[in-house]
Amino acid sequence: MPSEIEERRKYYAAIGKKNLAPLWEVLHGLVTPEPVHRVQPAIWRYDDIRDDIMASGELITAKEAERRVLILENPGMPGESKITTSLYAGLQLILPGEVAPAHRHTQSALRFVVEGAGAYTAVDGERTTMHPGDFVITPNWTWHDHGNDSDEPMVWLDGLDIPVVGFFGASFAEKWGEDRQPISRPEGDSLARYGQGLLPDGYARRSHTSPVFSYPYDRTREALETMRRREEWDAAQGLKLSYVNPVNGDFAIPTMGTFMQLLPAGFAGVPYRATDATVFSVVEGRGTVEIGEQRFDFGPRDHFVAPSWSWYRFEAAEDCVIFSFSDRPIQQKLDLWREQRGNA
C-alpha cells in the first residue's frame, strides 16, 4: 500500500503538469514571522575604490558606455545589479569635456554629488550645475543628459528604482538622438518657481515627483544647523530631514525616500531598525556604524547599506552629515513600513 508521502508526491507531480502547486508545502517560506532577504550589510570606502572609478574613464568613454557607472552590488545578491531588493545604486564618472547622451526611461533616478564641481545635469530643458552634497532628481520619463564643462572629474551617486520597475514589468526607455537636449529654461528656474513656498497661480500637477529637481547642499546644511540650535535631537538618528515635494509635502520622489541627517561629535545613538533597507552616503565627518553584528568605520564619500529590519547604530567622532535613500514611500503607501528603536 502506498505510503502517505508517496501519495502526496504523486499528487504534486500530477497537479504540477496543470501549473498548480500546494500552498501548504511553501506557506512557511512565503509568509514569514519577520523579513527574510538576501541583503547583507556592506560598505564601499571611497579611498579604496576611487582609483577603480577613475580607471573606468580610461577604458570606455561616457558616450560609448551611455552611462559610465560602477554598480554598488550587494554581496548577498551578486550579479543582480542591486544594492537592496528594491534599489539600484552606482557611482557615475564624467570626465572634463564629456557628455553622457540624452535619454529617458520609466525608472526614477536621484543624483547625489560625491566629488567635483561644475558638471551639470539637464532635465527636460533645464540645466543645473552640481556641487558636492547637492541632491538632484531625474523624474520618471523625463529627458536628461549629463556633461562636464569643468576641468576636473565629477563623481556622483546614482540611485534608481530599477528593481521596482522591473517587478511591475513597466520598463521603457528611449534615446534622444543627439548627445544634448535643447535648453529651454534658465538654470535655477525650477527652484525659483517652485522652491520658495509659492506655486504659480493655476499650477496643475503633472507628476507625483517634485517639480524642484535640484536641492542645493548649502540650503540643506543651513536647515540642519537651524535644527541644531533648537536641539531637536532624535536618540537614534540625530537630526534628520526628508526631502519633500513642495506641491503636496510628500517625498520628493514617489518611489524613493531621500534624507539628510546630522550627527554631532560625540553622538552615540540607540539601536534602530526599519523595514526599508537604506543606502547611506557620507558627506562630512567620521564615525562608526554597527549594522547587525558588523561594525564599519566611515568617513567622507563612503557608502554603506543597512538591510531591512537589521539593527544599526551610529557613533560620531566628529560632526557627521549623511545622505540616505530607501523605498520608504512605497512601503508607507502600502501600509507595510514599520520601525523600532532599541534601548540606550
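Looking at an unreviewed UniProt entry, one finds the protein chain named Gentisate 1,2-dioxygenase, with Minwuia thermotolerans as its source organism.

Draft legend 1. Seen up close, the side chain of Ser-324. Mapped onto the elements, Ser-324 comes out in strand 21 (residues 320-326). Among the residues examined, Ser-324 registers a relative accessible area of 0% and is labelled buried. Apart from residues no more than four positions distant in its own chain, Ser-324 is found in contact with Lys-240, Gly-257, Thr-258, Phe-259, Gln-261, Thr-278, Val-279 and Phe-280.

Draft legend 2. Spatial organisation of the sheet that holds strand 1 (residues 42-44). Strand order across the open sheet formed by 6 strands is 1-19-16-21-14-13, with antiparallel pairing between neighbours. Each edge of the open sheet is held by one strand with a lone partner, namely strand 1 and strand 13 (239-242). When strand polarity is set aside, the average angle formed by the axes of neighbouring strands in this sheet is 20°. Examined bridge by bridge, strand 1 and strand 19 (residues 303-306) share 3 bridges and lie antiparallel to one another.

Draft legend 3. Representation of the sheet that holds strand 6 (residues 119-123) in the model. Pairing within the open sheet is antiparallel, and its 5 strands lie in the order 7-6-9-4-11. The open sheet has two free edges, formed respectively by strand 7 (126-129) and strand 11 (173-175), since each of these has just one partner strand. Taking the axes of each pair of neighbouring strands and ignoring which way they run, one obtains an average angle of 25° across the sheet. When strand 4 (residues 99-105) meets strand 11, the two strands line up antiparallel, connected through 3 bridges. Each residue of the ladder has a partner; that of His-105, found in strand 11, is Ala-173.

Rules used throughout
- Residues numbered from 1 in each chain as written.
- Predicted model: local features only at pLDDT ≥ 70, side-chain atom pairs only at ≥ 80, totals over all residues.
- Heavy atoms only, no water.
- Helix = DSSP H or I, 4+ residues; strand = E, 2+ residues; numbered from the N terminus.
- Buried < 20%, exposed > 50% of the residue type's maximum accessible area, 1.4 Å probe, protein only.
- Contact = heavy atoms within 4.5 Å.
- Pairing = 2+ DSSP bridges.
- Axes fitted to C-alpha atoms, helices over the stretch in contact; angles between N-to-C directions.

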